[in-house]
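Here is how the chains run, residue by residue.
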Amino acid sequence: MAERIGFIGLGIMGKPMAKNLLKAGYEVTVYDIVGEPMEELVTDGAQRASSNKEVAENCEKIITMVPDSAESEMAILGPNGVLEGARSGSIVIDMSSIAPLVSQKIAAECAKKGVEMLDAPVSGGEPGAVNATLAIMVGGKQEIFDKCFDLMKTVGGNVVLTGDIGAGGITKLANQIIVAANIEALSEALVLAQKAGVDPEKVFNAIRGGLAGSTVMEAKGPMMLDRNFQAGFRIRLHQKDLRNVLQTGQELNVPLPVTALVQQMLGALINDGEADADHSAILHHLEGMAKVEVKRGG
């Protein structure tokens, strides 16, 4: 009999992840506050639940994939939440990108009921979720990680235990610092080239194979050049992640000056109505300051 998995949160990332579990042969019970993605998953073979509690009542392993700390707390600890339905020995895998201290708080509450937890945020955006190539950064006990490794490997290409509960979140925050800084730096470089009258596409092709080359550049450079800012990872979510970075940095007395600057840029773009654009639209902020638009052919 196929293992039954609960999946809560069927947004831009969660929906394709749940679909990949179905394709791999798992029995999946789903819940989301929005009906449409649930109906789509049910059409693909999932079972529908009426609440987070019902998901946990029917599954021993429950994945949550929601936007932020408050939503994770509500889904797991709130009324009709996972913890109300979970039995001792159940495992919650929170794949949301939330504040590490909140992960530790949730894990402590779960432990009171004998429920185990992994914090396991992901990186790779919608393409990684669709293609099951996500990088999954995990915090928790080794034995619980081992029990859930094959499950997580179904939706990710690289699954690494980085420490105790909260370590997965810290690793994700580190990832988001690097991604944000790379996108901002690439935006500056292309705007400079454009303003100087040099074809940005030729600049991109000239530097991509050198030390400046990166996975971020390969993913976001073509989007910028194509003026394609359809969200693979939304500005409002990256702004939220950097807010969590800065909050954690403050708690640990770690200065993060570049992160703070990019977080302000993302906030400005949200104010300009670009909250749901791809984070490569950081380019727009730099273009606005330079009064130029990056385009192929210079």
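*Asks:* What exactly am I supposed to notice about the overall build of the protein here?
*Replies:* Scanning the protein from N- to C-terminus turns up 14 helices and nine strands. In terms of C-alpha radius of gyration, the protein reaches 20 Å, essentially the compact-globule figure of 19 Å for 298 residues. Structurally, the protein occupies a C-alpha span of about 65 × 45 × 35 Å along its principal axes. Residues classed as buried in the protein amount to 51% of the 298 residues present. Split by element, the accessible area of the protein, about 13,200 Å² in all, is 54% carbon and sulfur. Averaged over its 27 positive side-chain charges, the protein has a centre that lies 2 Å from the centre of its 37 negative ones.

*Asks:* When you look at the pattern of salt bridges in this model, what are you seeing that I'm missing?
*Replies:* If the charged atoms of two oppositely charged side chains come close together, the side chains can form a pair. Tallied over the full model, the rule gives 18 salt bridges. Asp 68 is the partner of Arg 243 in a salt bridge, and the nearest nitrogen-oxygen pair spans 2.6 Å. Of this pair, Arg 243 sits in helix α12 (residues 235-252) while Asp 68 sits in the loop between β4 (61-64) and α4 (69-77), placing them 175 residues apart in sequence. The class for Arg 243 is partly exposed, based on a relative accessible area of 36%. Asp 68 gets classed as buried once you look at its relative accessible area, which sits at 12%.

*Asks:* What is the right way to read helix α9 (residues 167-195) from this model?
*Replies:* Since one α-helical turn is 3.6 residues long, residues separated by three or four positions face the same way. Across its 29 residues, α9 extends 42 Å between first and last C-alpha, which sits within 8% of the 42 Å expected from 1.5 Å per residue. Positive backbone phi, at 85°, marks Gly 197, one or two positions downstream of α9.

*Asks:* Whenever I open this one, the nonpolar core confuses me. Can you help?
*Replies:* Side chains of nonpolar character tend, in soluble globular proteins, to be buried together. Judged by nonpolar contacts, the single largest core of 54 residues is most densely connected at Phe 7, Met 17, Leu 21, Ile 93, Met 95, Ile 136 and Met 152. The leading source of residues in this core is helix α8 (residues 142-155), at six residues. Apart from the residues lying within four places of it in its own chain, the contact partners of Leu 21 are Ile 5, Phe 7, Tyr 26, Val 28, Ile 63, Leu 151, Thr 154 and Val 155.

*Asks:* Can you help me understand the side chain of Asp 32 in this one?
*Replies:* In this fold, Asp 32 is placed in the loop between β2 (27-31) and α2 (35-43). Look at Asp 32: it is buried, it has no salt bridge, and the nearest opposite charge is Lys 15 at 9.9 Å. A polar contact of 2.6 Å, which involves the side chain of Asp 32, links it to the backbone nitrogen of Leu 10. Once residues lying within four places of it in the same chain are set aside, the contact partners of Asp 32 are Gly 9, Leu 10, Gly 11, Pro 37 and Met 38.

*Asks:* What is the right way to look at unusual backbone geometry in this model?
*Replies:* Most peptide bonds adopt trans geometry, and most residues besides glycine take a negative phi value. A positive phi is found at Asn 80, a non-glycine position, where the angle reads about 60°. Relative to the elements of secondary structure, Asn 80 occurs in the loop between α4 and α5 (82-85). The class of Asn 80 is partly exposed, set by a relative accessible area of 42%. One non-glycine residue, Arg 227, lies in positive phi territory at about 55°. Checked against the element boundaries, Arg 227 lands in the loop between α11 (215-225) and α12.

*Asks:* I keep staring at the pairing of strand β9 (residues 156-163) and nothing clicks. Help me out?
*Replies:* For a regular strand, side-chain orientation follows a simple rule: the groups alternate between the two sheet faces. Here strand β8 (residues 134-139) runs beside β9; their pairing, made up of six bridges, is parallel. Bridged to Gly 139 within β9 is Gly 163. As for the winding sense of the linkage, the β-α-β connection from β8 through α8 to β9 is right-handed.

*Asks:* Looking at this model, I keep getting lost on the side chain of Thr 64. Mind explaining?
*Replies:* The topology assignment puts Thr 64 in strand β4. Taking the relative accessible area as the measure of exposure, Thr 64 reaches 0% and is therefore buried. Sequence-distant contacts of Thr 64, that is, excluding residues within four places in its chain, are made with Ile 8, Ile 76, Val 92, Ile 93, Asp 94, Met 95 and Ser 96.

*Asks:* Even after reading the chapter, I still don't get the environment of Lys 112, so can you show me in this structure?
*Replies:* Within the secondary structure, Lys 112 sits in helix α6 (residues 100-112). A sequence separation of 24 residues divides Lys 112 from Ser 88, and the C-alpha atoms of the two residues are 9.3 Å apart.

About the thresholds
Residues numbered from 1 in each chain as written. Predicted model: local features only at pLDDT ≥ 70, side-chain atom pairs only at ≥ 80, totals over all residues. Heavy atoms only, no water. Helix = DSSP H or I, 4+ residues; strand = E, 2+ residues; numbered from the N terminus. Rg over C-alpha atoms; globule rule 2.2 N^0.38 Å. Buried < 20%, exposed > 50% of the residue type's maximum accessible area, 1.4 Å probe, protein only. Areas by Shrake-Rupley, 256 points an atom, 1.4 Å probe, with all protein chains shown as cover. Lys, Arg positive; Asp, Glu negative; His and termini not counted. Charge placed at Lys NZ, Arg CZ, Asp CG, Glu CD. Salt bridge = Lys/Arg side-chain N within 4 Å of Asp/Glu carboxyl O. Expected span 1.5 Å × (residues − 1). Core = buried A, V, L, I, M, F, W, Y, C linked by side-chain atoms within 4.5 Å. Contact = heavy atoms within 4.5 Å. Polar contact = N/O pair within 3.5 Å; in protein donor to acceptor, adjacent residues only side chain to side chain. Pairing = 2+ DSSP bridges. Right-handed = clockwise from strand over helix to strand, strands pointing away.

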